[in-house]
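Overview (structure and organization)
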Amino acid sequence: MSSAAANRERRAIEMRVTARHLFERALGESSVDRAFERHVSCERGVLRVCEDLYDLHSYNRVLVVSIGKAAHTMVSALEIQAGDKFEGIVACPVQVSSQARGFRYFQGGHPTPNEESIRAAESILKSLGAQNAASLVIFMLSGGGSSIAEKPIDDEISLEDLIATYRVLVHSGAPIAEINAIRKHLSAIKGGRLARAALAARQVSILVSDVPDNTPDALASGPTMPDSTSTEDCYSIAAKHRLLEQFPTSVRELFERRALEETPKSDDPTFHRSRWWTVLSNSTLLEASKKEAERSGFSVEVDNSCDDWDYERASDYLLKRLGELRKKSECVCLLSGGEVTVRVRNGGVGGRNQQFALACAQKIAGENITVLSAGTDGIDGNSPAAGAIADGTTLERGKSRGLEPAASLRTFNAFPFFEGLGDTIMTGPTGNNLRDLRILLAY
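Residues numbered from 1 in each chain as written. Predicted model: local features only at pLDDT ≥ 70, side-chain atom pairs only at ≥ 80, totals over all residues. Heavy atoms only, no water.

**Side note on the side chain of Ser 209**
Structurally, Ser 209 is set in the loop between strand S8 (202-208) and helix H9 (231-240). Residues contacting Ser 209, with those up to four places away along its chain left out, are Leu 219, Thr 278, Leu 280, Ser 281, Asn 282, Asn 433 and Leu 434. (Helix = DSSP H or I, 4+ residues; strand = E, 2+ residues; numbered from the N terminus. Contact = heavy atoms within 4.5 Å.)

**Regarding the sheet that holds strand S15 (residues 436-442)**
Here six strands make up an open sheet; going across it, the order is S10-S11-S15-S12-S13-S14 and the pairing mixed. Edge positions in the open sheet fall to strand S10 (299-302) and strand S14 (424-425), since each of these has one partner strand only. Strands in contact with helix H11 (residues 282-295) are S10, strand S11 (332-338) and S15; relative to S11, the strand with the most contacts, it is inclined by about 170°. (Pairing = 2+ DSSP bridges. Axes fitted to C-alpha atoms, helices over the stretch in contact; angles between N-to-C directions.)

**Points about the environment of Thr 112**
Along the chain, Thr 112 turns up in the loop between strand S6 (103-107) and helix H4 (115-129). Taking the C-alpha atoms as reference points, Thr 112 and Ala 26, 86 residues apart in sequence, are found 28 Å from one another. Every residue in contact with Thr 112, bar those within four places of it in the chain, is listed here: Ser 147, Ile 163, Tyr 166 and Arg 167.

**Here we look at the sheet that holds strand S7 (residues 135-142)**
With respect to topology, six strands assemble into an open sheet ordered S6-S5-S4-S7-S8-S9, the strand pairing being parallel. Single-partner strands in this sheet number two, and they are S6 and strand S9 (274-280). Going from strand to strand, the sheet's axes swing by 15° on average, the running direction of each strand aside. As paired elements, S8 and S9 share six bridges and run parallel to each other. Bridging across to S9, Val 204 finds its partner in Arg 275. Helix H2 (residues 32-39) rests against S7, S8 and S9 of the sheet, and its axis sits at about 125° to S9. Of the strands in this sheet, strand S4 (61-67), strand S5 (87-92), S6 and S7 touch H4, which is tilted by about 150° from S6.

What follows is the structure, given as structure tokens:
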């Protein structure tokens, strides 16, 4: 190997390490514990949630309902800041080693519901129905909640039909906001219906958000918030993505009869005693990554324009943007938050982040560019990885190991490709979910 080639390989390795460091640093700085340190506290029985104060002594009962990938983490963080005086229900997708005292746990399914998801929703509805005007309900919501706690609005929709419907939606290529619009109207707990179940009580929702900042009611399909979507939106979305022919009969008939029930809106009395506070979001993650990249000597730009774009279109856009930025600076870091979409057809093992990284790998071969794309929940699609990292040497290294990048991309089988190179991002479930982070470095 020539000295020039050796230097190029060494530099590529350094940039892969740097990209991993930026991602890991952003994850650490955007933890649930740190967010609760900033935004939640309790002194002399008065609970502070951001700008709100709640005198816990003035309520006959305080009930905590925590749903989502960060559900257990949020309960633990609440106890650190306010003590173990609470009781309630936790619906999360993993079995935790040590359950919080006073809480009932349900291990709901993700990305599709399971029996525990149904039991969790039924238990939550029963507990909320027992609250009155002297009750305080603290909802804690995070990403993944749409499937982790769920109950169909119509008893004719079986769990099997519900799972089939979720699969159709997840694989449709539709943006998450459109997917959640339909989920809300098929659910007994989403789209503000949990808040309606606790109508008499004072309510506050603490949000760890994996949705765009301008659509907070999409988080976990908005069980405690006014719904900004309508039944008419659902019918239009189903038509646009040709979903009716794919839905199971029980769901298809609701659409064909136009029998979906409307969800509560912002003027509904349900929300007169409700408050909502976002303590963590994708913006928090981007800011943490930006600061670390600047400390590392990069000129940094943030561009979230491709949120909810198809992964191919997003890769073209971001690489073109990176090319424009590197004309002005020798070392550039382009950060992009949110999620890209992938329409999966008979896929292998992978996820949207690995698919995006592999698409980029084909376009940056031989160039001094490194691309990392990963999910903050630690799980990308149906793979055990959070995402992957690619650079100008990826294709060359892959081919030397007998890996076929084009075939892997075509068959949505990116995980084995990156695993063969040692370029997957493996974190395990993080107990957090702030959408995805894409880091593009040019040097």
